[in-house]
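The primary structure of each chain is shown beneath.
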Amino acid sequence: MAGRPMQIGEVAARTELSLRTIRQYEDSGLVVPSAASPGGFPLYTDADVSRLMVVRRMKPLGFTLEETRELLTAVDRLAAERAGTDTELDPDERAALVTRVRRYEQAAAERVAELRAQLSRAEEFADSLRRTRLTAAAPA
């Protein structure tokens with residue numbers, strides 16, 4: 001565990017997620033606290049916070065919780081792989097997981113491009129309103 005374990009309030013502040021949202025992600029199995037206090041309260045590690053940040057970043061791109069779970073599962077399985085142990089993946093399974101992660105990478109890039117285009121249109125609209133307001137306010 002890198003760093004000291006954190007309580008949910010500190011995690012909420014670091015991730016800018018509400019306590020309710022973090023608990024919802026826990027209930028759905030997306031993030032499971034890695035430790036517990038002597039009193040049984042959940043404690044989060046830096047890795048748990050990183051996982052929450054993945055979820056947080058996927059949400060505004062329109063990914064569903066199930067898609068988020070699928071990506072996190074693929075990343076977890078790839079990260080856990082150790083050659084020569086029982087965690088070593090079959091080459092076909094590894095290739096499928098890598099393909100899945102790349103598919104999400106591509107989908108994220110496409111969604112970012114769509115959002116940039118929407119932002120550009122919104123900025124153009126705001127500029128046109130500003131020009132209209134300035135023109136209307138100018139003395140004749």
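Residues numbered from 1 in each chain as written. Predicted model: local features only at pLDDT ≥ 70, side-chain atom pairs only at ≥ 80, totals over all residues. Heavy atoms only, no water.

- Taking an unreviewed UniProt entry as the reference, the chain is identified by name as MerR family transcriptional regulator belonging to Streptomyces exfoliatus.

1. Regarding the side chain of Thr15
(1) Moving on: Within the secondary structure, Thr15 sits in helix α1 (residues 8–15).
(2) Moving on: Its relative accessible area of 0% is what places Thr15 among the buried residues.
(3) Moving on: In this structure the side chain of Thr15 is engaged in a polar contact, spanning 2.8 Å, whose partner is the backbone oxygen of Val11.
(4) Moving on: Non-local contacts of Thr15, meaning those with residues more than four positions away in its chain, are made with Ile22, Val49, Leu52, Met53 and Arg56. (Helix = DSSP H or I, 4+ residues; strand = E, 2+ residues; numbered from the N terminus. Buried < 20%, exposed > 50% of the residue type's maximum accessible area, 1.4 Å probe, protein only. Polar contact = N/O pair within 3.5 Å; in protein donor to acceptor, adjacent residues only side chain to side chain. Contact = heavy atoms within 4.5 Å.)

2. So, the UniProt feature "domain: HTH merR-type" (unreviewed entry) in the chain
(1) Moving on: Following the UniProt record, the feature "domain: HTH merR-type" (unreviewed entry) maps to residues 5–74 here.
(2) Moving on: Secondary structure across residues 5–74 comprises 57% helix and 6% strand; the distance between its end C-alpha atoms is 25 Å. (UniProt positions renumbered as here; feature names shortened; annotations may be inferred.)

3. Things to note about the packing of α1 against helix α3 (residues 46–58)
(1) Moving on: For the pair α1 and α3, interaxial distance at closest approach is 10 Å and the crossing angle is 45°. In this view, α1 runs oblique relative to α3, as classed from their interaxial angle. Note on packing geometry: the crossing formed by α1 with α3 is right-handed. Residues Val11, Arg14 and Thr15 of α1 form the contact with α3, whose participating residues are Asp46, Val49, Leu52, Met53 and Arg56. (Axes fitted to C-alpha atoms, helices over the stretch in contact; angles between N-to-C directions. Parallel < 35°, antiparallel > 145°, perpendicular 65-115°, else oblique. Left-handed = near helix turned anticlockwise from the far one by under 90°.)

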